[in-house]
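A look at the structure
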Amino acid sequence: MADSQKQIVQWFPGHMAKTRRLITESLSSVDAVTELLDARIPESSRNPELGEIIGKKPRIVLLNKCDLADEQATAEWIAHFKSQGCAALAVDCRSGKGLNQYRNTVRTVLSDLVKRNEERGMAGKALRIMVVGIPNTGKSSFINRMAGSAKAKVEDRAGVTRHNQWFFIGGGIELLDTPGVLWPKFDDPAVGDKLAFTGGVKDVVLDVESLAVRLCSILMKDYPDRLTDRYKIKDFADCEAWEVLEMIARKRGMLISGGEVDTERASIMLLDELRAGRLGRLTFERPDGGAL
């Protein structure tokens, strides 16, 4: 099986165009924006259109799923965003890790507004924050944690929030949830790959075996020990990525009639195990664009 030409991913359901309009229309009613990114792919999980839409609104970046990401790389990303004038926190919205810092961060970022409100006799006026991010970055999990109840729908698949919703999270802060929005086309195929690896793009729009081969190629280069530790394969330095996928399939006993390896089944398993964190903490990009 050879690796096919990388696909340019295009996945832009109609509701996402509506979401862009809703975000634009709602900006005037919020004081700041919280952007959730996947800590494993901070650049690829960032919608490049949002920066233009949001403009000069104060922004807080949450690097979610930090428990699945390389810790050193996450520290580098936090420093990177802070150097750009954005507050940044490493969090895990499902467990709540790091979220105890969020309310204080909001008040610090909006300290000038808080002071103006106090001077105008509006000390109790709520700080209103819009929550944005592409599908499956964890917006609903974040809001549920902060609100203390499962008020926002949570599913481990892309694109389940459909309408703007307000949530009071205490501390004089209200959050505006928005549906996850992708951009119409990923001009860089590697961006589509990374989103697919982490579940930000639905598998149905991609060839799962080609995707798994490209994942094997990255793991061979940046995290070869994970392949050895998890799948008990070795001596693959001179192999092609598709050969490594076949080795994984054989080690897991994924065979079909005649002893041929079932690479489709192995591909699905490999991607599922990556997303579940069974390959360890992985990050697929760094602020300087270099390999890990």
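Given the structure is predicted, the values throughout are model-derived calculations rather than measurements.

1. Quick notes on the nonpolar core
If you look at the biggest cluster of nonpolar residues, it comprises 36 residues, and the most contacted ones within it are Leu215, Leu227, Tyr231, Val244, Ile248 and Leu270. Listing elements by their share of this core, those giving two or more residues are α7 (189-198), α8 (208-222), α9 (224-231), α10 (241-251) and α11 (263-275). Considering every element that reaches this core, the biggest residue donor is α8, with eight residues. Once residues within four sequence positions are removed from consideration, Leu227 is found in contact with Leu219, Met220, Lys232, Ile233, Phe236, Val244 and Ile248.

2. Focus on the pattern of salt bridges
According to the stated counting rule, one finds twelve salt bridges in the structure shown. Across the pair Arg252 and Glu273 runs a salt bridge whose closest N-O atoms are separated by 3.1 Å. In this pair, Arg252 is assigned in the loop between α10 and α11 and Glu273 in helix α11, connecting sequence segments 21 residues apart. Members of the salt-bridge network, linked through shared partners, are Glu35, Arg46 and Arg59.

3. Points about the packing of α7 against α11
Running from amino to carboxyl end, α7 crosses α11 at an angle of 80°, the nearest separation of the two axes being 8 Å. The orientation of α7 relative to α11 falls into the category roughly perpendicular. The residues of α11 that touch α7, namely those facing Ala196, Phe197 and Thr198, are Leu271, Leu274 and Arg275. For the contact of α7 with α11, the class distribution of residues is four nonpolar, one polar and one charged.

4. Regarding the pairing of strand β6 (residues 173-177)
Of all five residues in β6, four are buried; the element is thus mostly enclosed. Between strand β5 (residues 165-168) and the antiparallel strand that follows it, β6, lie four residues; Gly170 among them carries a positive phi value of about 85°.

5. Observations concerning unusual backbone geometry
One non-glycine residue with positive phi stands out, namely Asn136, at about 70°. Secondary-structure assignment places Asn136 in the loop between β4 (127-132) and α6 (139-147). The exposure class assigned to Asn136 is buried, which follows from its relative accessible area of 14%. Unlike most non-glycine residues, Lys232 shows phi in positive territory, near 60°.

6. Observations concerning the packing of α10 against α11
For the pair α10 and α11, the least separation of the axes is 9 Å and the interaxial angle reads 90°. What the angle tells us is that α10 and α11 run roughly perpendicular. Residues Leu245, Glu246, Ile248 and Ala249 of α10 lie in contact with α11, whose contacting residues are Thr263, Ala266, Ser267, Met269 and Leu270. Looking at the contact of α10 with α11 residue by residue, the class counts come to six nonpolar, two polar and one charged.

7. Notes on the sheet that holds strand β3 (residues 87-90)
The strand order across the open sheet formed by six strands is β3-β2-β1-β4-β6-β5, and the pairing between neighbours is mixed. At either margin of the open sheet sits one strand with a lone partner, and together these are β3 and β5. The sheet shows a mean angle of 25° between the axes of neighbouring strands, taken without regard to direction. Note that β5 and β6 share four bridges and pair antiparallel. Note that in β6 the partner of Phe167 across the bridge is Leu175. In the packing of helix α4 (residues 102-109) onto the sheet, contacts are made with β1 (32-38), β2 (59-64), β3, β4 and β6, and the angle to β2 comes to roughly 155°.

Criteria and cut-off values
- Residues numbered from 1 in each chain as written.
- Predicted model: local features only at pLDDT ≥ 70, side-chain atom pairs only at ≥ 80, totals over all residues.
- Heavy atoms only, no water.
- Core = buried A, V, L, I, M, F, W, Y, C linked by side-chain atoms within 4.5 Å.
- Buried < 20%, exposed > 50% of the residue type's maximum accessible area, 1.4 Å probe, protein only.
- Helix = DSSP H or I, 4+ residues; strand = E, 2+ residues; numbered from the N terminus.
- Contact = heavy atoms within 4.5 Å.
- Salt bridge = Lys/Arg side-chain N within 4 Å of Asp/Glu carboxyl O.
- Axes fitted to C-alpha atoms, helices over the stretch in contact; angles between N-to-C directions.
- Parallel < 35°, antiparallel > 145°, perpendicular 65-115°, else oblique.
- Nonpolar A, V, L, I, M, F, W, Y, C, P; charged D, E, K, R; others polar.
- Pairing = 2+ DSSP bridges.

Remember that the coordinates give geometry; whether it matters functionally is a separate question.
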